[in-house]
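The residues making up each chain are set out below.
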Amino acid sequence: MSVVLSPNRGRRAGDKALETELRHIVESIYGPPVRRLPGLDIGRAYLNATNEEFRYGGDLVDVFHYGNGLTSLAMVDISGHGTHAAMYAGLAKHALRAYASLGFSARDSVRALNRLCIENSAFEADDEFFATVFFGIVDVERRTMQYVSAGHEAAYVVEPDGAMLLAATGPIIGLMDDDSAFDHGVVRLSHGSILAAVTDGFSEARNASLEFLGPEALVDVVERYRAYEAEQQAEALTRYAFEYADEQLHDDVAALVVKVQTELAA
């Protein structure tokens, strides 16, 4: 007995297959989880504002181990939402990896990314692309991190005796075609140091009284879960914002937590 599919049924099956393939492509931008690297315990977490299982949008957290034991850490928050923002997130991810692997410093990597994004926007006639970026390069052996914060407001190094805000060192990406606008900082790390960063969906989460959560809450959550693994701490950050907003987030939330776990001599 032969079975004849109706045109609509065939189209629905094709649409579903296409959607599945598109999901695989978009999700590949965010990459597989990375839990352990030499001297580092790493946690990433992401929560859609819609609480959907499918993750896509402009909030990106990337970890890349390369060269002679260096690790780059990128948190990128692209303007806009959906697959258009995800496309630019992929551009930023692979551009920063390429610059770092060529030996660029954190500052030169972000400068090059800014130039790329401005020129790409001009070429493709897309004048609405902007992004905040936190980009750090960790040298575990030397226990240092060089970093650039391009308009990113919520990144801290949390030590047992206090926390240090990694303040902005330059404007947001895609705004100014001026290399001198981007500076950098260098942080000394020690065994037990915790780097924690979140996108603005965390700090701008609002409760029933429309009060913003604020970036400082990040430190409180990290301290509360200091004994936990980095992945659990990152998930605690996204969950805290979700619960603070009465489970009604207005923006996606991404979190990165990196715990330094080495007793190497300075």
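See above for the structure.
Residues numbered from 1 in each chain as written. Predicted model: local features only at pLDDT ≥ 70, side-chain atom pairs only at ≥ 80, totals over all residues. Heavy atoms only, no water.

Novice: Can you explain the overall build of the chain? Please cite residues and give values.
Specialist: Across its full length, the chain carries 6 helices and 11 strands. The buried share of the chain, taken over its 266 residues, is 50%. Taking all contacts inside the chain whose residues are at least 6 apart in sequence as the whole, residues at least 24 apart take part in 68%. Accessible surface for the chain amounts to roughly 13300 Å². Of this, 52% is attributable to carbon and sulfur atoms. (Helix = DSSP H or I, 4+ residues; strand = E, 2+ residues; numbered from the N terminus. Buried < 20%, exposed > 50% of the residue type's maximum accessible area, 1.4 Å probe, protein only. Contact = heavy atoms within 4.5 Å. Areas by Shrake-Rupley, 256 points an atom, 1.4 Å probe, with all protein chains shown as cover.)

Novice: So what's going on with helix α2 (residues 82–101)? Residues and values would help.
Specialist: Look at α2: 29 Å from first C-alpha to last across 20 residues, which is about the 28 Å you get at 1.5 Å a residue. Buried within α2 we find G82, A85, A86, Y88, A89, G90, A92, K93, A95, L96, Y99 and A100. Following α2 by one or two positions, G103 adopts a phi angle in the positive range, close to 100°. (Expected span 1.5 Å × (residues − 1).)

Novice: Residue-level account of a negative patch on the surface, with values.
Specialist: There is a patch of like negative charges on the surface, built from E153, E204, E216 and D220. What makes E153 partly exposed here is its relative accessible area of 42%. (Patch = residues over 30% accessible without salt bridge, like charges linked within 9 Å, V, L, I, M, F, W, Y side chains within 5 Å. Salt bridge = Lys/Arg side-chain N within 4 Å of Asp/Glu carboxyl O. Lys, Arg positive; Asp, Glu negative; His and termini not counted. Charge placed at Lys NZ, Arg CZ, Asp CG, Glu CD.)

Novice: Could you give me a rundown of empty space enclosed by the protein, with the residues and numbers involved?
Specialist: This model, assessed by the stated rule, comprises 2 cavities of 30 Å³ or more. Roughly 50 Å³ of internal volume is contained in the second largest cavity. Per-class residue counts for the lining of the second largest cavity are 8 nonpolar, no polar and no charged. (1 Å grid on protein atoms, 1.4 Å probe; cavity = no way out; pocket = protein on both sides within 12 Å on 5 of 7 lines; lining within 4 Å. Points joined across faces, edges and corners; volume = space filled by probe spheres on them. Nonpolar A, V, L, I, M, F, W, Y, C, P; charged D, E, K, R; others polar.)

Novice: Which residues make up the packing of aromatic side chains, and what values do they have?
Specialist: This structure, assessed with the given rule, holds 4 aromatic pairs. With a centroid separation of 5.2 Å and 65° between ring planes, the pair formed by Y225 and Y228 is classed as edge-to-face. Judged by relative accessible area, which is 22%, Y225 ranks as partly exposed. A relative accessible area of 40% places Y228 in the partly exposed class. (Phe/Tyr/Trp six-rings, centres within 6.5 Å; stacked < 30°, edge-to-face > 60°.)

Novice: Now, about the pattern of salt bridges: what can you tell me, with residues and values included?
Specialist: The final tally for this structure, using the stated rule, is 10 salt bridges. Here D183 and R107 are joined by a salt bridge, their closest N and O atoms 3.6 Å apart. Of this pair, D183 sits in the loop between β8 (162–165) and β9 (185–188) while R107 sits in helix α3 (residues 106–123), placing them 76 residues apart in sequence. In this structure D183 comes out as partly exposed when scored by relative accessible area, which is 42%.

Novice: I'd like a rundown of unusual backbone geometry, residues and numbers included.
Specialist: The backbone of L210 shows a phi angle near 65°, a positive value even though the residue is not glycine. Tracing the backbone shows L210 in the loop between α4 (200–203) and α5 (217–224). Under the relative-accessibility criterion, L210 is labelled exposed at 60%. Positive phi values are uncommon outside glycine, yet D246 reaches one of about 55°. Structurally, D246 can be placed in the loop between α6 (230–244) and β11 (253–260).

Novice: If you had to explain the packing of α5 against α6 to someone new, which residues and values would you point to?
Specialist: Running from N to C, α5 and α6 point in directions that differ by 135°, and their axes come no closer than 10 Å. With respect to their mutual orientation, α5 and α6 come out oblique. You can see that α5 and α6 cross each other, and the crossing is right-handed. Touching A217, L218, V221, V222 and R224 of α5 are Q233, A236, L237 and Y240, all from α6. (Axes fitted to C-alpha atoms, helices over the stretch in contact; angles between N-to-C directions. Parallel < 35°, antiparallel > 145°, perpendicular 65-115°, else oblique. Left-handed = near helix turned anticlockwise from the far one by under 90°.)

Novice: For α6, give the residues involved together with the corresponding values.
Specialist: In an α-helix, one full turn covers 3.6 residues, which means residues spaced three or four apart are oriented alike. An ideal rise of 1.5 Å per residue puts 21 Å on 15 residues; α6 measures up with 21 Å between its terminal C-alpha atoms. Turning to α6, its buried residues number three or more, namely A230, E231, Q233, A234, A236, L237, T238, A241 and F242. In this structure, the buried residues of α6 make contact with β2 (40–47), β10 (194–198), α4, α5 and β11. Looking one or two residues beyond α6, the residue adopting positive phi is D246, at roughly 55°.

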